[in-house]
Amino acid sequence: MRSSLPASKFRAGLILATVAVSALTISACSGRGDRPRLAYEERPVEALYNTGYQRLERQRWADAIDYFQEVERQHPYSEWSRRAILMQIYAYYQNNNYAEAIAASDRFIQLFPGNPSAPYAFYMKALCHFEQITDVGRDQGYAQAALDGLRDVQRRYPGTSYASDATVKIDMVNDQLAGKEMAIGRYYQRAGQPLAAINRYKSVIDNEAYQRTSHAPEALFRLVEVNLTLGLKEEATRNGAVLGFNYPGSRWYAEAYALLSEDGRTPEVAPTGQRESWLRRIIPG
């Protein structure tokens, strides 16, 4: 789900110094496998920042981070430090160091909560969680954290480009979380635990955010399927009617229509889509 921030957005409002940059002292850190680190030596802040920016443009993310950290270390609470933290967020993100990017975002928000660049820090924090979302077979902690962060961006900064992008990603996260519920429901259904499966399927159709996802039609079909298995024919018929009213062209309704018809409860609305025979034999996931 990687999506890089446009360079024009990132560079807006940032001032680059136009000073000559001399070679900077490097010292090796102790410990195996450690990268060489900048030795502490007082240097003009413009030189440190400009060198870091040059490394950033060359996509030498780790080197850029070293210089921006040195700006922050030698000139804390300055305008240069503020800019350096923003640069670190971006460089960490591009280097897939999501935990560090989140920490830098939190640091910027804590130090400069009212700054015009605060929306960027909030957005990047949410984005880092978003890009760590795993498949539905695994824990969805990152998905929930991304959802919380994206909603926060929406709430704090409505009307901004960050809020617009957050809205799109929120729909994607909800689809992911609904997919997780479906995967668990199918697991319970295969394991012969129909009541547990029903609870998971209902969590999809009862959640307003999940109702708009691609999983809602299947959730309704699975409720038809499981309720028929349990002999709860009225409940199965009701779910089939909801499915047919909202998704008459869905293959899931074609399947539900066939199941109900075989049970002598043919729905009034005929499906406009085509059923796929394998759906009755295989529960995916």
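Residues numbered from 1 in each chain as written. Predicted model: local features only at pLDDT ≥ 70, side-chain atom pairs only at ≥ 80, totals over all residues. Heavy atoms only, no water.

Colleague: Help me get a handle on the packing of aromatic side chains, residues and values and all.
Modeller: Here the distance between the centres and the angle between the planes together describe a pair of aromatic rings. If you walk through the whole model with that rule in mind, you get 10 aromatic pairs. Measuring from centroid to centroid gives 5.3 Å for Tyr123 and Tyr162, while their planes differ by 45°, and the two rings are tilted. Taken as a pair, Tyr123 in helix 6 (residues 118–130) and Tyr162 in helix 8 (residues 161–190) lie far apart in primary sequence, 39 residues in all. Residue Tyr123 is classed as buried on the basis of its relative accessible area, which comes to 5%. According to the relative accessible area criterion, Tyr162 is buried, its value standing at 15%. Clustering of aromatic rings is evident, with ring pairs tying together Tyr49, Phe68 and Trp80. A cation over an aromatic ring shows up here: Arg83 above the ring of Trp80, its NZ or CZ 4.9 Å from the ring centre. The ring of Phe130 has Lys169 sitting right over it, with the charged end atom 5.4 Å from the ring centre. (Phe/Tyr/Trp six-rings, centres within 6.5 Å; stacked < 30°, edge-to-face > 60°. Helix = DSSP H or I, 4+ residues; strand = E, 2+ residues; numbered from the N terminus. Buried < 20%, exposed > 50% of the residue type's maximum accessible area, 1.4 Å probe, protein only. Lys NZ or Arg CZ within 6 Å of the ring centre and 35° of its normal.)

Colleague: Break down helix 2 (residues 45–57) for me, with residues and values.
Modeller: Taking 1.5 Å as the rise per residue, helix 2 with 13 residues should run 18 Å; its terminal C-alpha atoms sit 18 Å apart, in good agreement. Residues of helix 2 that are buried: Val45, Ala47, Leu48, Tyr49, Asn50, Thr51, Gly52, Tyr53, Arg55 and Leu56. Positive phi shows up at Gln59, right after helix 2, with a value of about 60°. (Expected span 1.5 Å × (residues − 1).)

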